[in-house]
Amino acid sequence: MRSPVLVSRTAERARLRSALDGLRDGRGGLWVLRGDPGVGKSRLATALAADAADQGLEVLSGRAVPSGTPTPLRPLSEALLAWLRTHEVPDDRLLAPYLPTLARLAPQLGPVAADGVSSVMLLGEGILRLAQTVPAPGMVLVIEDLHWADPETLALVEYLGDNARAVPLVVVVTSRLHESPAASELVLELERRRSAETVDVLPMADDEVTAVAGACLGAEPPVEVVGWLQRYCAGYPLLVEEMLADLHDAGVLAEQDGVWGLAGPLPVMVPRPFARSVEGRLAEVGPAAREVATAAAMLGPEFDWRLVAAALELSDSAVAEALRELRDQRLVVAAPPDGFAFRHALTREAVLTGLLAPERSRLAGLLAAALADRTTDQAVAAEDHHQLAELFEAAGDDTRAAELWLATARDAIDRGALVSAGEAIRRALRRCPPGSGLESRAREAEVEVHALAGDVPRALAAGERLAAELVAEPGRLAAVRLRLARALLAGGQWDEADAMLASVAGHDPAQEDVLAARLALGREDDVAAAERASAALAAVGEDRPEIACEAWEVLGRAARARDFVAAEDAFESGYRLAEAQDLPLWRCRLLAALGSLDLAARRPTEDRLVAARRAALDVGAIATAARIEIELNLVRVRYLELDEALAAVDNAIAMMDRLRLPDLATAYLLRAATHGLAGRDEAMEADVAVAGGLPMDEALRAVGVPGHIRSFVALAHGRYDEARAQLATAMEYHRRSPSMPFSLRGFWALLETALTGDGAAAREEVRTGPQANSPHNSFALRYADAIARGRAGDAAEAERVFADAEWGLPGREPWPELHARLLVATAAARDGWGTPEPWFRHCLDGLVGYGLTEAASGCRVAMRDAGFAVPRKAAGAQRVPVHLQRLGITAREHDVLELVAEGLQNKQIADRLYLSVRTVETHVGRLLQRTGCGERGELAAYVDDRGPG
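This is a predicted model, so every value here is computed, not measured.

**Q** Describe the sheet that holds strand β9 (residues 332-335), listing the residues and the values that go with them.
**A** Strand order in the open sheet made by the three strands is β8-β10-β9, with antiparallel pairing throughout. The open sheet has two free edges, formed respectively by β8 (302-303) and β9, since each of these has just one partner strand. Examined bridge by bridge, β8 and strand β10 (residues 339-342) share two bridges and lie antiparallel to one another. Note that in β10 the partner of E302 across the bridge is A341.

What follows is the structure, encoded as structure tokens:
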């Protein structure tokens, strides 16, 4: 386990570096780093001291220590003594008069001056003179733990703060919040009169916790460990190190061949120093406050003080006094509007750690009784079900706990929170009497959760076993079979799902309609799907919002292949309903459906898809998350972000293979396209072959392989005749299956028009066929119209049509658009209209920037044939400085580098360049790798024409 360097605090370090920059101009000052224990103040001060030493500045460092009778001026004495071990005092007449006073701190400086009223002032002046006389450009004095400092040290810090601004001395002190009233008041007063700059060191964000964990381990931490740390470390780097060390010592976290993995379940682990801190603070409060704290800890990180009062039979005033004591010890804080919470999750866990089993059971019983008395069976909120279940479980009442865990699961299913529902069901099943009706109901809920999540194998296994036990209960058996039908539909088992629906006809007509609509959609009968979905919607209105949401989703998917706008309207209607009814599962599914429409835009974006994937994983809808991974692949291949695309589709293949989902063949085809775009033809053909051996709709095989794989790859590499031939093959099959979405219909018309000298029939077929209003098809068709008008000699109309298709769009231009414009430029040069030369240059720059060398060569040939001068290098390459070209840094990476150097964070860079945050993270990672920098702050040096040094 390593002790990591500082891998976060970018903004704070930038502020402190500005203090060092001022030293070279003779300007200093006092900087106070304040924050809670373990939050990283010392680490930040140490990093600043290292930066100062690297710049040739003199660094002195000392700290105050806790003591009943603190040694006067101990931090200053420690700092000066340590410095004098390796340095000589300057022989300077300005400093000489102050050496007797400084000798109070370091006796080797000579005779000690007699103490006097002005001794602290003279000491401060002596330190200021020392900073002025050292041979270095300036001096940095670090004083740690000011909250433990003696009054003389505080007075000296005050003097230095008031006088260091005109001297090349930077004083950096660290201080805990609320630890010492005297230190806190001094800092506030210095800040008020502008004699000190304060840096509030706050808990780290989740991404910084991840970075610190990686630095501690020296490698990528396991995902489960990262989530565990983010939950329990409260953003404190010290706790990250302690918790990882404890995991390693316990054998839970182990390293093999440079890879860290888990050898057991993750515990709730409170770092020993933190537990001791909480124990010490609890010891300072009275017995009533300690019992309030332990009872409150049983309720969670936030708690209802009224419930605690009722359980412990305390008056409101007694509880208020107890909470005041706990607040003063920084154990609890107010949680508006009128609640309280522990300062962070670890505080609560530390309190619970000190409870013995009998105490825990007693308190849980008291709290459960108080909460049950406050509620009725008709008005129990979901959060009360969950809390009651936990309390009865802790009190040892298994039957009540199981009933309440099942109620918690039903609440979560109604909200679409499938992860929470699954966990509640598992806890219920562990406490149900075997063979009881309670166990049977819990297993019904288990089947439903697996079916909704799209976990086909588990849903079928659990459902078939349960169905065999419910033969004598036709109503419950029908409900289970409906859930099994849903699982079969998720698995693409159309005939089996049809038979299952037939076996329950009349049990729940609205749900049967919506499942039959989904079955029709799977069998590519969009008309029947729309009819059955509309029937379900008419039957339930908004009384059963989960069925209405599913009906809207089916209606949108049925319309998508024909009418882009109608599909978006349907998805939006469902999404608004899911939002209004707080249905997380349907919210994420419909958000994913809306995100899939973004793929058809000229500037496809991934924002809605990424949000939907996160929501799907949060609720446990893993089948939905797997399908979203596929669609994320489609966004990224349009921008040739092939590493990210491959990672997305690999993840989708892994999930779909485990769940036996019908989209597995689609995933392999998309991975084939990704390999083809990267020039890995053998890998592409291998994935096409694997997909061919999997169950696959014939329309997908006939349209998808030539139309979405081979034509797409040929187009990217500028092989236009090959792309046209593959699209023509796909169109032959698409005419038989018009419900199959086909986003390259417009490109087929464009290639037919540009390459054959005609294309009128192709343009008309696209204009009057399905998906004509899809933005991706529409713009390509308008380009084709412009070429046809120009070929007919109507230059003015050709330019008007092209300009109409070219109206300004935000965002980065995908590579297919470059090829479309290149076809237009070639035709315009040949037919004498427009301004083809700048169009050619724009396309060449873009193709080079994307690394499409074969297509860029074709563009150069087309420019020469048109009589235009061909630049040696495209502008994208020219604007990358030579020293960066030698490191292999691309034009896009150079864009990111410049914005990193300006101090922008990844989200700001993504917004500026119209990229995803994940893509920016990838670019920054590559920049760090190629430059050898340890952190992003060092990248700024590479913006200079010569690089660092």
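**Q** Hey, could you go over the sheet that holds strand β4 (residues 169-176) for me, with residue numbers and the actual values?
**A** Spatially, β2-β3-β4-β1-β5 is the arrangement adopted by the five strands of the open sheet, whose pairing is parallel. The open sheet is flanked by β2 (58-63) and β5 (197-200), the only strands paired with a single partner. The average angle at which neighbouring strand axes cross in this sheet is 15°, direction not considered. Here five bridges tie strand β3 (residues 139-144) to β4, and the two strands are oriented parallel to one another. Counted as the bridge partner of M139 is L169 from β4. Running at roughly 155° to β5, helix α1 (residues 10-23) makes contact with β1 (29-35), β3, β4 and β5 of the sheet. On the sheet, helix α6 (residues 151-163) packs against β1, β3 and β4 and is oriented at approximately 135° with respect to β4.

**Q** Could you give an account of the environment of L599, with specific residues and numbers?
**A** For L599, the position within the fold is in the loop between α28 (584-598) and α29 (607-619). A relative accessible area of 12% places L599 in the buried class. The spacing of L599 and S743 is 144 residues in sequence and 8.8 Å in space, taken between C-alpha atoms. Sequence-distant contacts of L599, that is, excluding residues within four places in its chain, are made with P604, L609, E631, L634, V635 and R638.

**Q** How would you explain the pattern of salt bridges if you had to name every residue and give the values?
**A** Summed over the entire model, instances satisfying the criterion amount to 67 salt bridges. Ionic pairing is found between E553 and R518, a salt bridge with its closest N-O pair at 2.4 Å. In this pair, E553 is assigned in helix α26 (residues 545-560) and R518 in helix α24 (residues 509-522), connecting sequence segments 35 residues apart. According to the relative accessible area criterion, R518 is buried, its value standing at 16%.

**Q** Please set out the pairing of β4 residue by residue, giving values where relevant.
**A** The element β4 is largely enclosed, with a buried count of seven among its eight residues. Taken together, β3, α6 and β4 constitute a β-α-β crossover, and its handedness is right-handed.

What counts and what doesn't
- Residues numbered from 1 in each chain as written.
- Predicted model: local features only at pLDDT ≥ 70, side-chain atom pairs only at ≥ 80, totals over all residues.
- Heavy atoms only, no water.
- Pairing = 2+ DSSP bridges.
- Helix = DSSP H or I, 4+ residues; strand = E, 2+ residues; numbered from the N terminus.
- Axes fitted to C-alpha atoms, helices over the stretch in contact; angles between N-to-C directions.
- Contact = heavy atoms within 4.5 Å.
- Buried < 20%, exposed > 50% of the residue type's maximum accessible area, 1.4 Å probe, protein only.
- Salt bridge = Lys/Arg side-chain N within 4 Å of Asp/Glu carboxyl O.
- Right-handed = clockwise from strand over helix to strand, strands pointing away.

Everything listed here is a matter of geometry and, on its own, says nothing about what the molecule does.
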